[in-house]
Amino acid sequence: ILTHVGGGGFKSQMKKADKSGASVALILGEDEAAQNQVGLKFLREVRDQQTVSQGDLAAVLGEYLTR
């Protein structure tokens with residue numbers, strides 16, 4: 001698990017996530033936090049970004065990672 005909190009723009013943060021080899025990046029910005037949601041950006045497959053509630057995050061990630 002690699003975390004990046006602050007520093008640099010969104011684009012540079014996504015580049016760091018991609019370089020890390022991660023399959024998915026979790027996005028928790030001001031808008032997401034205000035709505036109790038998390039964005040999931042899939043880095044290793046062509047798939048639309050997904051937004052899930054913070055309460056459902058563990059289940060959604062578990063399903064994604066075990067398929």
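All values reported here derive from a predicted model rather than from experimental measurement.

Chemist: Kindly report on unusual backbone geometry, identifying the contributing residues and their values.
Modeler: Non-glycine residue Asn-36 carries a positive phi angle of around 55°. Relative to the helices and strands, Asn-36 is located in the loop between α2 (30-34) and β2 (37-42). The class for Asn-36 is partly exposed, based on a relative accessible area of 48%.

Chemist: Summarise helix α3 (residues 57-65); cite the residues concerned and give the values.
Modeler: Of the positions making up α3, those classed as buried are Leu-57, Leu-61 and Tyr-64. Projected down its long axis, α3 shows its buried positions confined to an angular sector of 60°, all on one face. Set apart from the buried face of α3 by more than 90 degrees, the exposed residues are Ala-58, Ala-59 and Glu-63. Of the surrounding elements, those touching the buried residues of α3 are β1 (24-27), β2 and β3 (50-53).

Chemist: How would you sum up the sheet that holds β2? Please name residues and give values.
Modeler: Sheet architecture is open: 3 strands sit in the order β1-β2-β3, paired in antiparallel fashion. Edge strands, defined here as strands with exactly one partner in the open sheet, are β1 and β3. In this sheet, neighbouring strand axes are inclined to one another by 30° on average, regardless of whether the strands run parallel or antiparallel. Two strands pair when backbone bridges link them, and β2 and β3 are joined in this way by 4 bridges, in the antiparallel orientation.

Chemist: I'd like to hear about the pairing of β2, residue by residue, with values.
Modeler: Along any regular strand the residues' side chains alternate between the sheet's two faces. As judged from the 4 bridges shared by β1 and β2, these two strands associate in the antiparallel manner. Opposite Val-24, over in β2, you have Phe-42 as the bridge partner.

Chemist: Can you tell me about the packing of aromatic side chains, naming the residues and giving the values?
Modeler: Using the criterion set out here, one finds 1 aromatic pair in the structure. An angle of 55° between the planes, with centres 5.0 Å apart, marks the rings of Phe-42 and Tyr-64 as tilted. Taken together, the positions of Phe-42 in strand β2 and Tyr-64 in helix α3 put the pair 22 residues apart, joining distant regions of the chain. Of the residues examined, Phe-42 reaches a relative accessible area of 7% and is grouped as buried. Overall, the relative accessible area of 11% leaves Tyr-64 in the buried class. Against the face of Phe-42 rests Arg-47, its NZ or CZ located 4.1 Å from the ring centre.

Definitions and cut-offs
Residues numbered from 1 in each chain as written. Predicted model: local features only at pLDDT ≥ 70, side-chain atom pairs only at ≥ 80, totals over all residues. Heavy atoms only, no water. Helix = DSSP H or I, 4+ residues; strand = E, 2+ residues; numbered from the N terminus. Buried < 20%, exposed > 50% of the residue type's maximum accessible area, 1.4 Å probe, protein only. Arc of directions from axis to C-beta. Contact = heavy atoms within 4.5 Å. Pairing = 2+ DSSP bridges. Axes fitted to C-alpha atoms, helices over the stretch in contact; angles between N-to-C directions. Phe/Tyr/Trp six-rings, centres within 6.5 Å; stacked < 30°, edge-to-face > 60°. Lys NZ or Arg CZ within 6 Å of the ring centre and 35° of its normal.

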